[in-house]
Amino acid sequence: MRYVNRELEEQVTRAARGFPAVVLTGPRRAGKTWLLRHLLPKASYFLLEDPSVVARLRADPHGFLDDVRTPAVLDEVQSVPEVFAFVRARIDQRPRRTGQWFLTGSQEAPLMQGVTESMAGRAAVLQLRPLSTRESRRVSLLLGGFPEALARPGSARLWFSSYVQTYLERDVRAVTAVKDLATFRRFLALVASRHGQILNKTDLAAPLGVSVPTIAQWLRVLETTAQVLIVPPFYENLGKRLVKSPRVYLADSGLACHLLGIETVAELAKSPFLGALFEGFIAAEIVKAQVNRGQRPEIYFFRDEQGLEVDFLVPGAGGSISLVECKASRTVTPAMAAPMQRLAEALRKKRRSGTRVEMSLVHQAPKTSAGTQAVAPGVRAWAWPEFVGRL
């Protein structure tokens, strides 16, 4: 499988010049190890899910690290969280030596706890998501962005089945004591069926026969392992009563399609989930562009109790804001832009008059591309590849 250059490479290289350690988080199989081994071909490498490595490290941590030649990559460090304290001690001995330790992890919460407790000020923290369409033209709504699924599209369904099983066995059991993995597997499928909807924990709990606190715990597991995007509502006093619950999306559209039983482009085109899947796909591309620049993900949606709804709001530089409406149709009409225009007017009234509000109507690419077009005053329609290309 050929290596695909990642946009995050620049941030990793920059961080390695400024910090003794670099911590790379992200979902399992997103390409974290591949990226580091590409950038650091001569670095020592240790997988902390290898039982023999773990046994040696826990039996004699000082002796183990004495034998490590830096720079070194410690992969899946959440498996041995005590390693942070010993790495910190090594860093403190030579604090001016940068780019010595590269740590990866697939479970963000326990990983970040170790960084906060032991590595504060000593490590740069970056996040790698699956491939974006800016990085590979193979990324699609049906297959998503996981490198291995894209490398062998004919075996993608089998790969996703194996991924779900591996994810359940490794990450779910590691993060929390889920006793019934079969029910958790049904929970995953149920979350997929609520893709793009307002999060209602009671609605998720009832069909599974579990409690709402259990659903809250399981959702935290999905967030911790970067399997879902929880998009919060946009809070600003616009004189409206706003919906206050977040929306939930599976972070990878290929995994969402797999859990929904969608296996072909033809099935996807006819699916009642097409609109929600397309919306989540665009949200994921926005987030990938942000984290690949080293920024924290920042994306919101807007909905009030009078029915005004805009898919996404993305804050920009200087107080600017981008409104994004997603339509799975290949044809756009002025009526599709009306919610954004109404919200933009309310934002301009509330904020200072010079606030820049950009409005984009993102749609499926027509087979005979007509490029971008103005569909309404202040609103530009973009076929999704053009929109993603300018993020």
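The following paragraphs examine the structure supplied in this document. (Residues numbered from 1 in each chain as written. Predicted model: local features only at pLDDT ≥ 70, side-chain atom pairs only at ≥ 80, totals over all residues. Heavy atoms only, no water.)

1. Some points on the overall build of the protein
For the protein, the count of helices and strands is 16 helices and 14 strands. By residue count, 53% of the 391 residues in the protein fall in the buried class. Partitioning the contacts of the protein with sequence separation of at least 6, the portion at a separation of at least 24 is 68%. As displayed, the protein offers around 17,900 Å² of accessible surface, 50% of which is attributable to carbon and sulfur atoms. Averaging the positions of the 53 positive and the 36 negative side-chain charges in the protein gives two centres separated by 4 Å. (Helix = DSSP H or I, 4+ residues; strand = E, 2+ residues; numbered from the N terminus. Buried < 20%, exposed > 50% of the residue type's maximum accessible area, 1.4 Å probe, protein only. Contact = heavy atoms within 4.5 Å. Areas by Shrake-Rupley, 256 points an atom, 1.4 Å probe, with all protein chains shown as cover. Lys, Arg positive; Asp, Glu negative; His and termini not counted. Charge placed at Lys NZ, Arg CZ, Asp CG, Glu CD.)

2. Focus on helix H5 (residues 83-93)
Among all positions in H5, only Val83, Phe84, Val87, Arg90 and Ile91 are buried. Angular distribution of buried residues about the axis of H5 spans 125°; they occupy a single face of the element. (Arc of directions from axis to C-beta.)

3. Overview of the packing of helix H1 (residues 9-18) against helix H2 (residues 32-39)
Direction vectors running N to C along H1 and H2 enclose 60°, while the axes themselves pass 11 Å from each other. Overall, the two elements H1 and H2 adopt an arrangement that is oblique. The hand of the H1/H2 crossing is right-handed. Only Leu35, Leu36, His38 and Leu39 of H2 make contact with H1, whose side of the interface consists of Glu9, Val12 and Thr13. (Axes fitted to C-alpha atoms, helices over the stretch in contact; angles between N-to-C directions. Parallel < 35°, antiparallel > 145°, perpendicular 65-115°, else oblique. Left-handed = near helix turned anticlockwise from the far one by under 90°.)

4. A look at the packing of helix H10 (residues 201-208) against helix H11 (residues 212-224)
The contact between H10 and H11 brings their axes to 9 Å, and the two run at 110°. In terms of axis orientation, H10 runs roughly perpendicular to H11. Only Val212, Ile215, Ala216, Trp218 and Leu219 of H11 make contact with H10, whose side of the interface consists of Lys201, Thr202, Leu204, Ala205 and Leu208. For the contact of H10 with H11, a count of residues per class yields 8 nonpolar, 1 polar and 1 charged. (Nonpolar A, V, L, I, M, F, W, Y, C, P; charged D, E, K, R; others polar.)

5. Some thoughts on the sheet that holds strand E1 (residues 21-25)
Strand order in the open sheet formed by 5 strands is E2-E3-E4-E1-E5, with parallel pairing between adjacent strands. Lying at the two open borders of the sheet, with one neighbouring strand each, are strand E2 (44-47) and strand E5 (123-127). Averaged over all pairs of adjacent strands, the angle between their axes in this sheet comes to 15°, without regard to strand direction. Here E1 pairs with strand E4 (residues 101-105) via 5 bridges, running parallel. Within E4, the residue paired with Ala21 across the bridge is Trp101. Each of E1, E4 and E5 touches H1; the most contacted strand, E5, lies at about 175° to it. Sitting on the sheet, H5 is in contact with E1, strand E3 (72-75) and E4, with an inclination near 160° to E4. (Pairing = 2+ DSSP bridges.)

6. What to know about the pairing of strand E11 (residues 321-327)
E11 sits mainly inside the fold: 5 of its 7 residues count as buried. In this structure, strand E10 (residues 309-315) lies alongside E11, joined through 4 bridges in antiparallel fashion. Residue pairing in the sheet places Val314 in a bridge with Ser322 of E11. Linking two consecutive strands that pair antiparallel, namely E10 and E11, is a turn of 5 residues; a positive phi of about 65° is found at Gly318 within it. The pairing of E11 with strand E12 (residues 357-363) spans 7 bridges and is parallel.

7. Looking at the sheet that holds strand E9 (residues 300-303)
Strand order in the open sheet formed by 6 strands is E9-E10-E11-E12-E14-E13, with mixed pairing between adjacent strands. The sheet is open, and its two borders are formed by E9 and strand E13 (373-376), each paired with just one other strand. Strand-to-strand twist of the sheet, defined as the mean angle between neighbouring strand axes without regard to direction, takes the value 35°. As paired elements, E12 and strand E14 (residues 379-383) share 5 bridges and run parallel to each other. What sits directly across from Met359, in E14, is Val379. Contacts from helix H15 (residues 338-350) reach E9, E10, E11, E12, E13 and E14 within the one sheet, and its direction differs from that of E12 by about 165°.

8. Comments concerning helix H9 (residues 181-193)
When the terminal C-alpha atoms of H9 are compared, their 19 Å separation across 13 residues agrees well with the 18 Å that a helix rising 1.5 Å per residue should span. Along H9, the residues that are buried comprise Leu181, Thr183, Phe184, Phe187, Leu188, Leu190, Val191, Ala192 and Ser193. (Expected span 1.5 Å × (residues − 1).)

9. Some points on the packing of aromatic side chains
Applying the stated rule across the entire model yields 12 aromatic pairs. Summarising the aromatic geometry, the rings of Phe184 and Phe187 are spaced 5.4 Å apart at their centres and angled 55° between planes, so their arrangement reads as tilted. Of this pair, Phe184 and Phe187 both sit in helix H9, separated by 3 residues, roughly a single helical turn. Here Phe184 matches Phe187 in class, with each residue buried. Each member of the aromatic cluster is reached from another via a ring pair, and the members are Phe146, Trp159, Phe160 and Tyr163. Here the basic side chain of Arg37 rests over the ring of Tyr45, its NZ or CZ set 4.1 Å away from the ring centre. (Phe/Tyr/Trp six-rings, centres within 6.5 Å; stacked < 30°, edge-to-face > 60°. Lys NZ or Arg CZ within 6 Å of the ring centre and 35° of its normal.)

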